[in-house]
Amino acid sequence: MILLTNDDGVHAPGLLALERAMQRIGNVRIVAPEHNWSASGHTKTMHKPLRVEPVQLEDGSPALACSGSPSDCVALVLLGLLPDQPDLVVSGINPGQNVGQDVTYSGTVSAAWEAVITGVPAIAVSLSSHEEPDYRYAAEFASRLASEVLAARFERPILLNLNVPSLPANQITGIEITRLGRRVYRDVLDERRDPRGHSYYWIGGLPPSGIPEPGTDIGALAEGRVSITPIQLDLTDHLLIDELRQWDLGSPADRQ
Ligand code: MN
């Protein structure tokens, strides 16, 4: 079984496009948030109940709408919400790329992290642009990549972060395996006043740009190519371990 979810809500067009493509390669179940959770990061709802309601997608397909976050949707299934466990979790298709440091904010990627933590491989799928999104090739390519992941049988659960140019297939210039690039956020603090004279704030500014370095996800999208970045949960800064071990940090025994 292939579990589909997203961070834009169960009725988002990107999820419908993904569902239509994935149905061709396997048995699909959908559990997605009842509303938009974009940029929610990795969330676990622990202090209020989670509700799940059956709904129908635009094409009549059954789905479950959950009151929790994208990662809650995946967690519920992995904890036994459905009779079957998924062989693969696919999250998306998000209208808007998730590249570089975005993977720490992204609800789309967080749902995929949740699967990998529990031992299930996952693919996060995003479209390069949210303007006039064209999901057709992204959906088709995601299903092709999903078939490969299902056939590959890795010893550990893998996470592929897929970003697809929002272009018709004949304008996409290639497929590249990449590393995460560097986003440049252009956020500014926008302070305003409410009718009672108190300040409130928006995080405003221009959309993020990025450094289109060759070999990175940002570089591939800039050249009109599909980007596939294998990402992992080990956030350890391995290069710093040896240096930190040289520091004189004393010993708890010194305090005796
Ligand atoms: Mn989103």
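Everything numeric here is computed off the predicted structure, so don't read it as measured data. (Residues numbered from 1 in each chain as written. Predicted model: local features only at pLDDT ≥ 70, side-chain atom pairs only at ≥ 80, totals over all residues. Heavy atoms only, no water.)

A. Molecular detail of the packing of aromatic side chains. Under the defined criterion, the tally for this structure stands at two aromatic pairs. Centre to centre, the rings of Y105 and Y185 are 5.7 Å apart; their planes meet at 80°, and the pair counts as edge-to-face. Separated by 80 residues along the polypeptide, Y105 in helix α3 (residues 102-105) and Y185 in strand β9 (residues 182-193) bring together distant segments of the chain. Note on Y105: relative accessible area 45%, which makes it partly exposed. (Phe/Tyr/Trp six-rings, centres within 6.5 Å; stacked < 30°, edge-to-face > 60°. Helix = DSSP H or I, 4+ residues; strand = E, 2+ residues; numbered from the N terminus. Buried < 20%, exposed > 50% of the residue type's maximum accessible area, 1.4 Å probe, protein only.)

B. Examining the coordination of the manganese ion more closely. Binding of the manganese ion to the protein goes through D7 (OD), D8 (OD), S38 (OG) and N94 (OD1), at separations of 2.1 to 2.3 Å. The sequence pattern formed by the donor residues of the manganese ion is D-D-x29-S-x55-N. In this pair, D8 is assigned in the loop between β1 (2-5) and α1 (13-22) and N94 in strand β5 (residues 88-95), connecting sequence segments 86 residues apart. Each member of the pair D8 and N94 is classed as buried. (Donors = N, O, S within 2.8 Å, 3.2 Å for Na, K, Ca; no water.)

C. Region of interest: unusual backbone geometry. In this structure, the amide linkage connecting G92 to the following residue, I93, adopts the cis form with an omega of -5°. For I93, the position within the fold is in strand β5. Even without being glycine, A39 reaches a positive phi, approximately 60°. With respect to the helices and strands, A39 occurs in the loop between β2 (28-33) and β3 (52-56). With relative accessibility at 59%, the residue A39 sits in the exposed group. At R153, a residue that is not glycine, the phi angle is positive and equals roughly 50°. Looking at the element boundaries, R153 is found in the loop between α5 (136-152) and β7 (159-164).

D. Spotlight on the pairing of β9. Where β9 lies against strand β10 (residues 199-211), 11 bridges are found, and the strand directions are antiparallel. The residue bridging V184 from the neighbouring strand is S209, located in β10. The turn linking β9 back onto β10 is made up of five residues, and G197 within it adopts a positive phi angle of 85°. (Pairing = 2+ DSSP bridges.)

E. Region of interest: the state of the cysteines. Here the structure, examined in full by the defined rule, presents zero disulfides. No disulfide involves C66; its nearest neighbouring cysteine sulfur is the one of C73, lying 4.1 Å away. Using a relative accessible area of 0% as the deciding quantity, one classes C66 as buried. A relative accessible area of 0% places C73 in the buried class. (Disulfide = S-S within 2.5 Å.)

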